[in-house]
Amino acid sequence: MRVILCGYYGQDNAGDEALLVCLLQMLPATVEPVVLSANPQVTKERYGVEAHYNRDWGKIWQLLGQCDGFVWGGGSLMQDVTSVVSPLYYGGLMAIAQMRGLKTIAWAQGIGPLQRPPLRWFTQQVLRGCNGISVRDEASLRLVERWDLKAFLAADPVWSLAAENASPSPSPLPMVAVNLRAHRLLTLERLAIITQALKDFQQQTQTHLRLIPLQKSQDLAIAEAIAVELPGSYEILYHPDPRECKGLFRGAEFTIGMRLHSLIMAAAEGSACFALSYDPKVSRLMAEVEIPGWELANLPMDSNELSQIWQNHFQQRQPWKGAEPLQKSALQHQALLQKIFVG
């Protein structure tokens, strides 16, 4: 059977690309994937799958008549905190797929926040039409259950992603990984505080900083701006292939991360982590796997205080050993695909 995979693909966001890789690995052998992507040529070349432009409405309509299933392929697609367009686009495609009789799955979803009542109602109706639902965090599960819908909870699939081509550090110093992304909460003032805190942190700990953009368009400029201010050893490494990106965190003794999947990738590779949360999905991860950190909106306005907090966590660091049960949990998302598409 042919199944459409729909998510935030082809944007060179290593986290969402990682979700696609995990989904492709977990699909039953009898399923032929058809991926909707912002860059179908890259998706086709990188993963060896059929891919089409995700805004080619004529082609998408044709595919909906040619395929047997439709999958939201992981992530926070149905939320209106960062975009109102996102839930309308993804929810609209799911609704059309359901109307056309395709088997539909909401797979490994982080649902909400949904602050607008019409979008809450729309999400509820679309989920009600799904043949199966899996979620990646407790808050999403509680929301779905409040709507009297059945879903099962498993860890984010990226916990199970296998890293490739780990890059050795060019320095004998302890390696610290850093990921920051552009966001309205990361104001110029907060970025200046973080940059100064990183400078002080590096001087006090004598560490090598590896700056890791997960999405070139949103992360790279920030990494470059920080790098020129650092007093010590550093490198900027960007790998758009999510398997290689995950390998960049191998060997990191400590990670300071904004993005959800920077923290998951780092923790899965055994790194102690400190989160700077810009989004409820990051806060959910912090609570569920006990990662220390700050809500970015409540970041200390004193760089010395922030640096000292990082120094304390760095000095007390232990290799993170909680990955194995989460990796096993993440593989449970495969059971839903097997159940719906094979029986």
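Coordinates for the structure precede this section.
These numbers were taken from a predicted model, which means no experiment stands behind them.

Novice: Help me understand the overall build of the protein chain, please; the structure alone is not making it clear to me.
Specialist: Each helix and strand counted, the protein chain has 14 helices and 13 strands in total. For 343 residues, the compact-globule estimate of 2.2 N^0.38 gives 20 Å, and the protein chain sits close to it at 20 Å. By its C-alpha atoms, the protein chain is 60 × 40 × 35 Å across when sized along the principal axes. Here the protein chain holds 343 residues, and the buried ones make up 58% of them. Put simply, 71% of the contacts in the protein chain that link residues at least 6 apart link residues at least 24 apart. Carbon and sulfur atoms provide 50% of the accessible area of the protein chain, an area that totals close to 13900 Å².

Novice: Is there a simple way to explain the sheet that holds strand S9 (residues 208-211) in this structure?
Specialist: Sheet strands associate in pairs through backbone hydrogen bonding, adopting either a parallel or an antiparallel arrangement. Here we have six strands laid out as an open sheet, ordered S10-S9-S8-S11-S12-S13, and parallel in their pairing. The open sheet is flanked by strand S10 (234-236) and strand S13 (293-295), the only strands paired with a single partner. The average undirected angle you get between the axes of adjacent strands in this sheet is 15°. Strands strand S8 (175-179), S9, strand S11 (254-257) and strand S12 (272-277) of the sheet are contacted by helix H7 (residues 188-205), whose axis makes an angle of about 145° with S9.

Novice: Quick question: what am I supposed to make of the pattern of salt bridges here?
Specialist: Side chains carrying opposite charge are able to pair once their charged atoms draw close together. Following the criterion strictly, the structure yields 15 salt bridges and no others. A salt bridge links Glu269 to Lys246; the shortest N-O distance between them is 2.7 Å. Taken together, the residues Glu269 in the loop between helix H10 (260-268) and S12 and Lys246 in helix H9 (residues 242-247) connect sequence positions 23 residues apart. Bridged by salt links that share partners, the residues Arg2, Glu32 and Glu50 form one connected network.

Novice: Help me understand the sheet that holds strand S6 (residues 132-135) in this model?
Specialist: Ordered in space as S3-S2-S1-S4-S5-S6-S7, the seven strands form an open sheet in which the pairing is parallel. Whereas interior strands pair on both sides, the edge strands pair on one side only; in this sheet they are strand S3 (50-53) and strand S7 (152-153). By the bridge criterion, three bridges tie strand S5 (residues 103-109) to S6 in an arrangement that is parallel. Bridged to Ala106 within S6 is Ile133. Lying over the sheet, helix H14 (residues 333-341) contacts strand S1 (2-6), strand S4 (69-75), S5, S6 and S7, oriented at roughly 180° with respect to S5.

Novice: What's the story with the packing of aromatic side chains in this structure? I'm lost.
Specialist: Geometry of an aromatic ring pair is reported as the spacing of the ring centres plus the angle between the planes. Inspection of the entire model under this criterion finds eight aromatic pairs. Ring centres of Tyr89 and Tyr90 lie 4.9 Å apart, and the angle between their planes is 75°; on these two criteria the pair is classed as edge-to-face. Summarising the burial analysis for this pair, Tyr89 and Tyr90 share the class buried. With a centroid separation of 6.4 Å and 80° between ring planes, the pair formed by Phe274 and Trp310 is classed as edge-to-face. With a gap of 36 residues between them, Phe274 in strand S12 and Trp310 in helix H12 (residues 303-315) connect regions that are remote in the sequence. Among the residues examined, Trp310 registers a relative accessible area of 0% and is labelled buried. Taken together, the ring pairs in this structure connect Phe201, Phe254, Phe274, Trp310 and Phe314 into an aromatic cluster. Looking at Arg100, its charged tip hangs above the ring of Trp61, at a distance of 4.3 Å from the centre. Looking at Arg317, its charged tip hangs above the ring of Phe314, at a distance of 3.9 Å from the centre.

Novice: I keep staring at the environment of Thr187 and nothing clicks. Help me out?
Specialist: Following the sequence through the fold, Thr187 ends up in the loop between S8 and H7. Residue classification places Thr187 among the partly exposed residues on the basis of a relative accessible area of 30%. Note: C-alpha distance between Thr187 and Pro28 (159 residues apart in sequence) is 45 Å.

Novice: Is there a simple way to think about unusual backbone geometry in this case?
Specialist: Residue Pro113 is reached from Gly112 by a cis peptide bond, and omega for that bond is 0°. Within the secondary structure, Pro113 is located in the loop between S5 and helix H5 (117-128). For Ala108, which is not glycine, the phi dihedral falls at a positive 50°. Relative to the helices and strands, Ala108 is located in strand S5.

Novice: Teacher, can you tell me more about helix H3 (residues 57-66) here?
Specialist: Since there are 3.6 residues in each turn of an α-helix, residues three or four apart along the chain are aligned in direction. For H3, the set of buried residues is Ile60, Leu63 and Leu64. Along H3, the residues classed as buried sweep out an arc of 105° about the axis, all on the same side. Along H3, the residues that are exposed and aim more than 90 degrees away from the buried face are Gly58 and Gly65. Where H3 is buried, its residues contact S1, strand S2 (32-37), S3, S4 and helix H4 (85-99).

Novice: Quick question: what am I supposed to make of the pairing of S11 here?
Specialist: Sheet faces and side chains relate simply in a regular strand, where the side chains alternate between the two faces. Neither face of S11 is open: one carries Phe254 and Ile256, the other Thr255 and Gly257, and all of them are buried. Judged from the four bridges that link them, S8 and S11 form a sheet pairing that is parallel. By the bridge assignment, Val176 is partnered in S11 with Phe254.

About the criteria used
Position numbers for residues count from 1 along each chain, tracking the sequence in the order it is written. The predicted origin of the model limits local features to residues at a pLDDT of at least 70 and limits the giving and counting of side-chain atom pairs to 80 or more, whereas totals for whole chains, interfaces and linings rest on all residues. The side-chain quantities take in all heavy atoms of the structure and omit both hydrogens and water. Only runs of H or I of at least four residues qualify as helices and only runs of E of at least two qualify as strands under DSSP, and these elements are numbered from the N terminus. With the radius of gyration taken over C-alpha atoms, the globule rule is written as 2.2 Å times the number of residues to the power 0.38. Type-normalised accessible area, obtained with a 1.4 Å probe on protein chains alone, sets the label of each residue: buried when under 20%, exposed when over 50%, and partly exposed for intermediate values. Contacts are assigned to residue pairs that have any heavy atoms within 4.5 Å of one another. Only the protein chains shown count as covering a residue, and every accessible area follows the Shrake-Rupley method with a 1.4 Å probe. Two strands are counted as paired when DSSP detects at least two bridges linking them. Between the N-to-C directions of two axes lies an angle of 0 to 180 degrees, each axis being a line fitted to C-alpha atoms and, for a helix, fitted only over the stretch in contact. Salt bridges are defined by distance alone: a side-chain nitrogen of Lys or Arg within 4 Å of a carboxyl oxygen of Asp or Glu. Any pair of Phe, Tyr and Trp rings, taking the six-membered ring for Trp, is counted once the centres come within 6.5 Å. Such a pair is stacked with planes under 30 degrees apart, edge-to-face with planes over 60 apart, and tilted for the rest. Definition used: whenever NZ (Lys) or CZ (Arg) falls within 6 Å of the ring centre and also within 35 degrees of the ring normal, the charge is taken to sit over that ring. Arc definition: directions from the helix axis to the C-beta atoms.

As far as function goes, none of this settles anything; it's purely spatial.
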